[in-house]
Amino acid sequence: LWTVLFAVVSLFWIFPIVLVLINSFKQKAYISKNAFSLPAGKAFVGLENYVRGIETTQFFASFGWTLLITVGSVVLILVCTSMCAWWIVRVNNWAAKLLYTLFLFNMIVPFQMVMFTLSKIADMLKLNTPWGLCIVYLGFGAGLAVFIFTGVIKGIPQELEESAMIDGASVPRIFFQIVIPMSRPILVYTIISSFLTPWTDFVVAKMILNSGVSSDWTVAIGLYNMLQKALVNSYFSRFCAGGVLVAVPISILFVIMQKFYVEGITSGAAKG
């Protein structure tokens, strides 16, 4: 009974996705006439909307910058926060506890409280570039990542690290060959959760990358500009095509890593 109930509820989430997909293959006139019909006959335009959408948003250039920003942000978050969490757990003095509290506070403060200050500081430090945006996203993702890594590292026996140290292993070797492999499920979870924000974010990217140079667009900014043109020229079919193009990469990543993502969520829920 619960399976049937949740299957029906899931249709409410699936329906908008299917609606965008079918309308991405229609001519613009047929969306306003019947947005819920399948693209058949004269309404079907094949991949024309996708081709025009790629041209309008400069998709390949914005895709490249978004991929660079996203991968750079994820790498920074993984390396910096895992090392920081390891230090917090193993040192465990007043300074470590204070730093951990500040990371927790990072998760509590609403973005609206810091957005204008963030924009000003980013301009002052010359972070208003695609490269600097990686550092900004590190700040946003650090709180949750440190919190998660801290919980996982507390479950790793310290005796393993002490034994490796007695055998002559250096600190970096202990971290990368003992701590990181034993944290694999949570690493995958952090990769996916950290990947989502830079890939789909519009507000921070638009606020930081305020130069207006189209070559620095992320896919979210390109999609926003496509929406503005759609509102003027009624090219909603192209906007739907652009939305599909943006959603496909992150959907593929999630499907491939879904098993590890669920394993990461449940990591530490039970001992054994």
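Above this text sits the structure in question.
Calculation criteria
- Residues numbered from 1 in each chain as written.
- Predicted model: local features only at pLDDT ≥ 70, side-chain atom pairs only at ≥ 80, totals over all residues.
- Heavy atoms only, no water.
- Core = buried A, V, L, I, M, F, W, Y, C linked by side-chain atoms within 4.5 Å.
- Buried < 20%, exposed > 50% of the residue type's maximum accessible area, 1.4 Å probe, protein only.
- Phe/Tyr/Trp six-rings, centres within 6.5 Å; stacked < 30°, edge-to-face > 60°.
- Helix = DSSP H or I, 4+ residues; strand = E, 2+ residues; numbered from the N terminus.
- Lys NZ or Arg CZ within 6 Å of the ring centre and 35° of its normal.
- Polar contact = N/O pair within 3.5 Å; in protein donor to acceptor, adjacent residues only side chain to side chain.
- Contact = heavy atoms within 4.5 Å.
- Expected span 1.5 Å × (residues − 1).
- Bend = angle between axes of the 7 residues up to and from the residue.
- Axes fitted to C-alpha atoms, helices over the stretch in contact; angles between N-to-C directions.
- Parallel < 35°, antiparallel > 145°, perpendicular 65-115°, else oblique.
- Nonpolar A, V, L, I, M, F, W, Y, C, P; charged D, E, K, R; others polar.
- Patch = residues over 30% accessible without salt bridge, like charges linked within 9 Å, V, L, I, M, F, W, Y side chains within 5 Å.
- Areas by Shrake-Rupley, 256 points an atom, 1.4 Å probe, with all protein chains shown as cover.
- Salt bridge = Lys/Arg side-chain N within 4 Å of Asp/Glu carboxyl O.

A. Region of the structure containing the nonpolar core. Counting residues in each nonpolar core, the largest one holds 39 residues, and the members touching the most others are F149 and I153. Ranked by size, the runner-up nonpolar core spans 16 residues in total, among them L118, A122, L127 and I208.

B. Broad picture of the packing of aromatic side chains. All chains considered together, the criterion is met by 10 aromatic pairs. On the basis of an interplanar angle of 25° and a centroid distance of 6.2 Å, the ring pair of F25 and F44 is categorised as stacked. Highlighted residues: F25 in the loop between α1 (2–23) and α2 (28–33) and F44 in the loop between α2 and α3 (48–57), separated in sequence by 19 residues. When its relative accessible area of 44% is taken as the criterion, F44 is described as partly exposed. With centroids separated by 4.7 Å and ring planes inclined at 40°, the aromatic side chains of F202 and Y224 adopt a geometry described as tilted. Remark: Y224 occurs in helix α12 (residues 219–233) and F202 occurs in the loop between α10 (184–200) and α11 (203–208); sequence separation between them is 22 residues. Accessibility expressed as a relative area gives 27% for F202, which makes it partly exposed. Members of the aromatic cluster, joined through ring pairs, are F25, F44 and Y50. For K154, the ring lying beneath its charged end belongs to Y100, and the centroid distance is 6.0 Å.

C. A look at the side chain of N23. Its place among the elements puts N23 in helix α1. Among the polar contacts made by the side chain of N23, one reaches the side chain of K26 at a distance of 3.2 Å. Every residue in contact with N23, bar those within four places of it in the chain, is listed here: I31, A35, N49, S237 and C240.

D. Fine view of the side chain of S73. Along the chain, the position of S73 falls in helix α4 (residues 59–91). Under the relative-accessibility criterion, S73 is labelled buried at 0%. From its side chain, S73 meets the backbone oxygen of I69 in a polar contact 2.6 Å long.

E. A look at the environment of L47. Within the secondary structure layout, L47 lies in the loop between α2 and α3. A relative accessible area of 58% means that L47 is categorised as exposed. Residues L47 and F25, 22 residues apart in the sequence, show an inter-C-alpha distance of 6.7 Å.

F. How the structure looks around helix α6 (residues 111–124). Given a rise of 1.5 Å per residue, 14 residues ought to cover 20 Å, and the 19 Å separating the end C-alpha atoms of α6 matches this to within 8%. Its maximal kink placed at T117, α6 deviates by approximately 30°. At its buried positions, α6 is contacted by α7 (130–153) and α11. Positive phi shows up at K126, right after α6, with a value of about 60°.

G. Region of interest: the packing of helix α9 (residues 171–182) against α10. It is at 5 Å that the axes of α9 and α10 come closest, and there the two elements cross at 75°. In terms of orientation, α9 lies roughly perpendicular with respect to α10. Two secondary-structure elements touch here, α9 through I180, P181 and M182 and α10 through R184, P185 and L187. When grouped by side-chain class, the residues that make up the contact of α9 with α10 number five nonpolar, no polar and one charged.

H. How the structure looks around a nonpolar patch on the surface. Judged by side-chain polarity, W2, V4, L5, F6, V8, V9, L11, F12, W13, I14 and V18 come together as a nonpolar surface patch covering roughly 1,200 Å² of accessible area. Residue classification places L11 among the exposed residues on the basis of a relative accessible area of 51%.

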